[in-house]
Amino acid sequence: MRVLILGATGGLGSALARHLRGEELLLSGRRAEALRTLAGEVGGKALPGDLEDELEAKALLEGAGPLDLLLHPVGRAGRAGVREAGRDLLEGMLSVHFLTAAFALKHARFQPGARAVFFGAYPAYVRVPGFGAYAAAKGALEAYLEAARKELKREGVRVVLVRLPAVATGLWAPLGGPPKGALAPEEAARRVLEGVLREPPPEVLEL
């Protein structure tokens, strides 16, 4: 199985890579040194790149070749009330959560029956004070995926949206750490792969 993990150096991305050790793994992220270390650990190929730049995303995805599985555990957290949120925060949230996914779907090549997996959020968890920008970016992603799913189904590609509870990754570092009860990344990765690789894959996987 030819697998591309975007955001592979994040907590969830690296856990997914470890669970998929033995597959034909392509790993992408912006931190080149960490990416090479992970690739060496799991026997994958490191493809450093900035997915928020469409030209870099296009080159990376075209170079990856036809995929059986695309995983997009790409994300960033930030907190600011609606009266404090600046343009940089708003655009940054949309760029990392939505644009990177849109560029991935635009430029990736897939094998028939492939799965493209993206990560949303439970609305009740994120539509709360201070998380408006994050919630809006995840909402935009989910709406886009609903349309993309119908288009790509004609090409034999299954688009899967995963909604996870909180996962104890570095995403939470700017917010003082993960909430109590957050899933370990390894457990989250196991549940994700168990769900998205079943036949037929779900359109929405809620864990």
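Residues numbered from 1 in each chain as written. Predicted model: local features only at pLDDT ≥ 70, side-chain atom pairs only at ≥ 80, totals over all residues. Heavy atoms only, no water.

(A) The arrangement of the side chain of arginine 149 in detail. Relative to the helices and strands, arginine 149 is located in helix H6 (residues 132-153). Buried arginine 149, no salt bridge; nearest opposite-charge side chain is glutamate 203, N-O distance 4.3 Å. At 3.0 Å, the side chain of arginine 149 and the backbone oxygen of glutamate 203 are in polar contact. (Helix = DSSP H or I, 4+ residues; strand = E, 2+ residues; numbered from the N terminus. Buried < 20%, exposed > 50% of the residue type's maximum accessible area, 1.4 Å probe, protein only. Lys, Arg positive; Asp, Glu negative; His and termini not counted. Salt bridge = Lys/Arg side-chain N within 4 Å of Asp/Glu carboxyl O. Polar contact = N/O pair within 3.5 Å; in protein donor to acceptor, adjacent residues only side chain to side chain.)

(B) Highlighting the pattern of salt bridges. Applying the stated criterion across every chain yields a total of 15 salt bridges. Note that lysine 58 is salt-bridged to glutamate 62, the shortest N-O span being 3.1 Å. Of the two residues, lysine 58 and glutamate 62 are both situated in helix H3 (residues 54-64); the distance of four residues between them amounts to about one turn of the helix. Taking the shortest distance from any N to any O, the salt bridge between glutamate 187 and arginine 190 comes out at 2.7 Å. You can see glutamate 187 and its partner arginine 190 sitting in helix H7 (residues 185-196), three residues apart, about one turn around the helix. Classification of glutamate 187 by relative accessible area gives partly exposed; the value is 25%. Residue classification places arginine 190 among the partly exposed positions, given a relative accessible area of 35%.

(C) The arrangement of unusual backbone geometry in detail. A cis geometry characterises the amide bond from glutamate 199 onward to proline 200, with omega recorded as -15°. Relative to the helices and strands, proline 200 resides in the loop between H7 and strand S7 (204-206).

(D) Structural detail: the sheet that holds strand S4 (residues 67-72). Here we have seven strands laid out as an open sheet, ordered S3-S2-S1-S4-S5-S6-S7, and parallel in their pairing. Strands with a single pairing partner mark the edges of an open sheet, and in this sheet they are strand S3 (45-46) and S7. Bridge analysis of strand S1 (residues 2-6) against strand S2 (residues 24-28) gives five bridges, and the strand direction is parallel. Bridge pairing in S2 links leucine 4 to leucine 26. The sheet contacts of helix H4 (residues 87-107) involve S1, S4 and strand S5 (110-119), and relative to S4 the element is tilted by about 170°. (Pairing = 2+ DSSP bridges. Contact = heavy atoms within 4.5 Å. Axes fitted to C-alpha atoms, helices over the stretch in contact; angles between N-to-C directions.)

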